[in-house]
Amino acid sequence: MDSKNNSQTFEYKAEMKQLLQLIVHSLYTHPEVFLRELVSNGSDALNKLRYRQLTEENILDKGKELELKITVDPKELLFTISDNGIGMTKEDLTDNIGTVARSGTLEYLKKMKEEKKDTGDLIGQFGVGFYSVFMVTDEVTIETRHADKDSKGYRWVSSGESTFMIEEIAKEDRGTKISFKFKDNAKEYADEYKLRQIIKKYSNFADFPIMIGKEKVNTVEALWRKGEADVKDEERNEFYKFVTNDYEDPLFSLHLSVEGSGAEFKALLFIPQRAPFDLMRMHQHKTVQLYSNKIMIMEDCKELLPEYLQFIRGVVDTSDLPLNVSREVVQASPSMSKIRTAMVGKILQWLQRMAAKETEKYLTFYKTLGPLFKTGLNTDFANRDKLIELLRFESSTQKEGEMTSFKDYVGRMKESQKEIYYLTGDSRAQVEHNPNLEYFKKHEIEVLFLTEPVDVYEIQSITEYEKKTVKSIDKGDIELAGTDEKKEDDLSKSLVGLFKETLKDKVEDVRVSRRLVDSAVTLVTGNSGMDRQMERVMKMMGQEAPPAKRIMEVNIDHPVLKNLSRRYLANTSDEILKKCIVQLYESAQLMDGELSSKFDYVKRMTDIMEEATK
Ligand code: ADP
């Protein structure tokens, strides 16, 4: 330490020098963040002052409007930013600005050096944001005066190499002014327009005015900090469009203010009206912006939401995270996972509320974003029960286009019905014509229609709802309560035998059906077989699913079966019998979209017609 007049020169500690090297060469990939850091520090200083003003009297310039001022001289490449915040004492200058020897910094640096790792943005966690100015300048001057009335003014100057200088100065007003000359390779920042853009990008919601000249640059308020009732719909919609670049209003919006439970944050979240173009590649779209005390730290923080909720947009603001944290640090941070858990819980509650109160809108959401949302059932086990409540399906007893929940379905169940039934397929029209539905229609038993490809996956994992088995009516082992046992006389037994003999390996079994009413035959899935819609979806995705054999059920009351029995009685080796059996089997396949050769099918049909018209 050497002193001349009242100025003192301090030597940076060794690790600080190394740190400075790192900052200039590898800390940030975008030099423009220097402005974010300075605005953020200024904003912090204003926040501290604001708090102090509430509790203390002895304050310089008390009552002055709190603001940040930026000036720039494009000719001389000069830049200043000043705030009338808390300011710094001499100790602050040496302890906070002059040293970065926070515990662990040196160890960390050494480790990084040994491992030859790219420190990149990681270093930001040590609170050295101020030093990012050395990316754009070679020398910085700070002039500051603490807000206490009896404080003195100081000037701090450093070239960020090995020393910094501090001297006492006459400074009338409280607060901090930081000034420097841009280096040649950073002269693009000596431009008001450019600075305005950077402020709008990173600091638009800083809740103190940022002035360049006479103009306030940050226009949008920190709406998420206000209560829902204090924000007008138009303001909210404006804000949504600003954050998302969407041109339409949002479908839903949610103000969150969470405290306790280990997470503290405020958020303003939105669900868009439309699904992005490619729903399944949602991770390429922007989700929520992460703010730390009103300063944006991440433009798109996917880590805050599980994959299935990545359609949510908006802003999350927390004081639990430091500025400058890299993705890796954010991901690993315990505060982060607490915020995430709290957010998911609130979002699901919100959806539940919307489903109950704004059913139409909820269904709009469900129809556009449902396919992504529903994947949560297979990934978010902690919230499974809530997610199941949010599912909606069309059903056989409801009008086309109307949707129902498991809860409402159970509410409508007759006492005799013990299970929840569903049927999967490509479209409502297709499932409605499925012969397996006939019995249920006749007896007015409701069947849920699952027509989205993702439904097939999700339903496999829902085996029960309110202690009632959830069952596909495509399955062979369906218990049909209250059906009369069909009389299986010897004749029908031999006919079934002939079916088996004729179809051989094509089917797993042939049985007398209790579910068919109008159709002659149907194919159902064996007890252990894969749902056939699932099989189809897998095929569509290019995955070869082993084709499970079906069980063929025959309706022995159907006129065709009766006629076949008669002919069988007359002549057990009647050629037409076998042709008809294969034809019935292939017709059922055709209905299911599983017929392999239409030529054989048509040829056989022509033979049968020829016989019939003889
Ligand atoms: P961080 O902001 O993460 O702590 P910085 O290197 O940006 O790290 O700043 C170091 C410290 O310097 C701050 O914590 C604060 O105490 C002080 N400081 C920086 N800028 C200002 C300012 N404009 N007014 C008052 N104090 C400031």
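Keep in mind that what you see is a predicted model, and the values were worked out from it rather than measured. Each chain carries its own residue numbering, running from 1 in the direction its sequence is written. Local features in a predicted model are, by the rule used here, given only for residues with pLDDT of at least 70; side-chain atom pairs are given and counted only at 80 or more, and totals for whole chains, interfaces and linings are based on all residues. Side-chain numbers come from the whole structure's heavy atoms, not from hydrogens or water.

Trainee: I would appreciate a short explanation of the pairing of strand E6 (residues 153-158) in the present structure.
Mentor: When a strand is regular, its side chains alternate between the sheet's two faces. Of all six residues making up E6, five are buried, and the element is well covered by its neighbours. As defined by bridge partners, strand E5 (residues 137-145) adjoins E6 across six bridges and the pair is classed as antiparallel. If you follow Thr 141 over to E6, its bridge partner there is Val 157. Pairing between two strands requires that DSSP report at least two bridges joining them. Starting at the N terminus, helices and strands are each numbered in turn, a helix being any DSSP run of H or I of at least four residues and a strand any DSSP run of E of at least two. Sheet analysis places E6 next to strand E7 (residues 163-169), joined by six bridges and oriented antiparallel. Residue pairing for E7: Arg 155 is matched across the bridge by Glu 167. As consecutive antiparallel partners, E6 and E7 are separated by four residues, and within that stretch Gly 160 has a phi angle of approximately 65°, a positive value. Residue burial is assigned from relative accessible area. The probe radius is 1.4 Å, only protein chains are included, and a residue is buried under 20% of its type maximum, exposed over 50%, and partly exposed in between.

Trainee: I tried to follow the pairing of strand E8 (residues 175-182) on my own but got confused; where do I start?
Mentor: For E8, a buried count of six out of eight residues is recorded, marking the element as mostly surrounded by other parts of the structure. When strand E4 (residues 78-83) meets E8, the two strands line up antiparallel, connected through six bridges. Bridge assignment links Phe 79 to a residue of E8, and that residue is Phe 180. In this structure, E5 lies alongside E8, joined through seven bridges in antiparallel fashion. Opposite Ile 142, over in E8, you have Ile 178 as the bridge partner.

Trainee: I tried to follow the environment of Asn 185 on my own but got confused; where do I start?
Mentor: Structurally, the position occupied by Asn 185 is in the loop between E8 and helix H5 (192-203). Its relative accessible area of 62% is what places Asn 185 among the exposed residues. Sequence separation between Asn 185 and Met 135 is 50 residues; the distance between their C-alpha atoms is 9.4 Å.

Trainee: Would you take a moment to explain helix H17 (residues 559-570) for this structure?
Mentor: Within an α-helix, residues lying three or four positions from one another point in the same direction, as the helix has 3.6 residues per turn. To estimate how far a helix should extend, the number of its residues minus one is multiplied by 1.5 Å. Relative to the 16 Å expected for 12 residues at 1.5 Å per residue, H17 spans 17 Å between its end C-alpha atoms, a close match to the ideal helical length. Those residues of H17 that fall on the buried side of the exposure criterion are Leu 561, Leu 564, Ser 565 and Tyr 568. For H17, the angular spread of buried residues about the axis comes to 105°, placing them on one side. Those residues of H17 that are exposed and angled more than 90 degrees off the buried face are Pro 559, Arg 566 and Ala 570. Throughout, a residue-residue contact means that at least one pair of heavy atoms, one from each residue, lies within 4.5 Å. As for H17, its buried residues are in contact with helix H15 (490-503), strand E23 (550-554) and helix H18 (575-591). Arc definition: directions from the helix axis to the C-beta atoms.

Trainee: Teacher, can you tell me more about the sheet that holds strand E16 (residues 394-395) here?
Mentor: Note on sheets: strands pair through backbone hydrogen bonds, and any given pair is parallel or antiparallel. Ordered by their spatial adjacency, five strands build an open sheet running E16-E18-E17-E20-E19, and the pairing between neighbours is mixed. Unpaired on one side and paired on the other, E16 and strand E19 (464-465) mark the two borders of the sheet. In this structure, E16 lies alongside strand E18 (residues 447-450), joined through two bridges in antiparallel fashion. Residue pairing in the sheet places Glu 394 in a bridge with Phe 449 of E18.

Trainee: Explain the nonpolar core here, please?
Mentor: For soluble globular proteins, the rule of thumb is that nonpolar side chains tend to be buried together. Membership of the largest hydrophobic core comes to 71 residues, with the highest contact counts inside it found for Leu 269, Phe 365, Phe 373 and Phe 406. With 11 residues, the single largest contributor to this core is helix H8 (residues 334-357). In this structure, this core is formed jointly by two domains, domain 2 (223-357) and domain 3 (391-472), each of which donates at least three residues. Residues belong to one nonpolar core when they are buried, are Ala, Val, Leu, Ile, Met, Phe, Trp, Tyr or Cys, and are joined through side-chain atoms within 4.5 Å. Residues Phe 34, Leu 46, Phe 79 and Tyr 131 belong to the second largest nonpolar core, which totals 53 residues. The start and end points of each domain follow an automatic or database-based domain assignment.

Trainee: Is there a simple way to explain the side chain of Ser 472 in this structure?
Mentor: Considering the arrangement of structural elements, one finds Ser 472 in strand E20 (residues 468-472). According to the relative accessible area criterion, Ser 472 is buried, its value standing at 3%. Looking at Ser 472, its side chain comes within polar contact range of the main-chain nitrogen of Asp 474, at 3.0 Å. Beyond its immediate sequence surroundings of up to four residues, Ser 472 is in contact with Tyr 422, Ile 478 and Asp 531. Under this definition, polar contacts are N or O atom pairs within 3.5 Å; protein pairs additionally need one hydrogen-donor-capable and one acceptor-capable atom, and for neighbouring residues in sequence, both atoms have to be side-chain atoms.

Trainee: What is the right way to look at the packing of H15 against H18 in this model?
Mentor: Each pair of packed helices can be summarised by the angle the axes make with each other and by the distance between the axes. Contact geometry of H15 with H18 gives a least axis separation of 10 Å together with a crossing angle of 75°. The orientation of H15 with respect to H18, classified from their angle, is roughly perpendicular. Where H15 abuts H18, its residues Leu 498, Phe 499, Glu 501, Thr 502 and Leu 503 lie against Leu 577, Lys 578, Ile 581, Val 582, Leu 584 and Tyr 585. For the contact of H15 with H18, a count of residues per class yields eight nonpolar, one polar and two charged. Interaxial angles span 0 to 180 degrees and are taken between N-to-C directions of axes, which are lines fitted to C-alpha atoms, for helices over the stretch in contact. Orientation labels follow simple angle bins: below 35 degrees gives roughly parallel, above 145 gives roughly antiparallel, 65 to 115 gives roughly perpendicular, and whatever is left gives oblique. Each residue is assigned to one class: nonpolar for Ala, Val, Leu, Ile, Met, Phe, Trp, Tyr, Cys and Pro, charged for Asp, Glu, Lys and Arg, and polar for all the others, Gly among them.

Trainee: Help me understand the packing of H8 against helix H9 (residues 359-373), please; the structure alone is not making it clear to me.
Mentor: Direction vectors running N to C along H8 and H9 enclose 135°, while the axes themselves pass 7 Å from each other. Considering their axes alone, H8 and H9 lie oblique with respect to each other. In this structure, the crossing between H8 and H9 has a hand that is left-handed. Residues Leu 348, Leu 351, Met 354, Ala 355, Ala 356 and Lys 357 of H8 pack against Thr 359, Tyr 362, Phe 365 and Phe 373 of H9. By the definition used in this description, the sense in which the near helix is turned from the far one sets the handedness, with an anticlockwise turn below a right angle giving left-handed and a clockwise turn giving right-handed.

Trainee: Looking at this structure, I do not really get helix H19 (residues 598-612). What am I missing?
Mentor: Here H19 spans 21 Å end to end across 15 residues, near enough to the 21 Å set by a 1.5 Å rise per residue. For H19, the set of buried residues is Tyr 601, Arg 604 and Ile 608. In an axial view of H19, the angular spread of the buried residues amounts to 75°, which keeps them on one side of the axis. Of the exposed residues in H19, those oriented more than 90 degrees away from the buried face are Lys 598, Phe 599, Lys 603 and Glu 610. Residues of H19 that are buried make contact with H18.

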